[in-house]
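Structure at a glance
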Amino acid sequence: PQYAALDWLANKDSGASYSSADDVRILQRYVLATLYYSTGGANWNKNYGFLSDEHECKWFEEEKDWVLDMTPITHGVKCGDEGW
């Protein structure tokens, strides 16, 4: 999974244009790609945008339970206000 994640990051990741100050983003995307590959992400029922062109902090989906309460449940990755 680590090699697949590194290959994706180096050769297929078109969603991020990195500057030298983006070490945290590169690490986040690598770790999340490793999670994706190590848990069979290609076979997930929903992939929540993993490995998409979107910022990795947007690789999530919020779902509301309309019957019990309106509090959204987050599935996937949702970062803090700092972007990590």
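Preceding this paragraph is the structure being described.
Please read all numbers here as calculations on a predicted model, not as lab measurements. The residue count restarts for each chain, going from 1 along the sequence in the order it is written. Thresholds applied to this predicted model are a pLDDT of at least 70 for local features of residues and 80 or more for the giving and counting of side-chain atom pairs; totals over whole chains, interfaces and linings are not thresholded and use all residues. Here the side-chain values reflect all heavy atoms present in the structure, with hydrogen atoms and water set aside.

What to know about the state of the cysteines
- Two cysteine sulfurs form a disulfide in these notes if their separation is within 2.5 Å. Applying the stated criterion to the full structure yields 1 disulfide.
- With a sulfur-sulfur separation of 2.0 Å, Cys57 is cross-linked through a disulfide to Cys79. Taking the torsion about the S-S bond as the criterion, the Cys57 to Cys79 disulfide, at about -85 degrees, is left-handed. Taken together, the residues span a long stretch of sequence, with Cys57 in the loop between helix H2 (23–38) and strand E1 (60–64) and Cys79 in the segment after strand E2 (72–76) at a distance of 22 residues.
- Per-residue accessibility, obtained with a 1.4 Å probe over protein chains only, is compared with the maximum for each type, and a residue is labelled buried under 20%, exposed over 50%, and partly exposed between these values. Owing to a relative accessible area of 12%, Cys57 belongs among the buried residues under this scheme. Strands are runs of DSSP state E lasting at least 2 residues, helices are runs of H or I lasting at least 4, and numbering of each runs from the N terminus.

Topic: the pattern of salt bridges
- Within this document, salt bridges are pairs made up of a side-chain nitrogen of Lys or Arg and a carboxyl oxygen of Asp or Glu, the two lying within 4 Å of each other. One pass over the full model with this rule turns up 6 salt bridges.
- The salt bridge involving Glu56 is made with Arg25; its shortest N-O contact spans 2.9 Å. Taken together, the residues Glu56 in the loop between H2 and E1 and Arg25 in helix H2 connect sequence positions 31 residues apart.
- Glu56 sits in the buried class, given a relative accessible area of 0%.
- With a relative accessible area of 16%, Arg25 lands in the buried category.
- The salt bridge partner of Lys46 is Glu61, with a shortest N-O separation of 2.9 Å.

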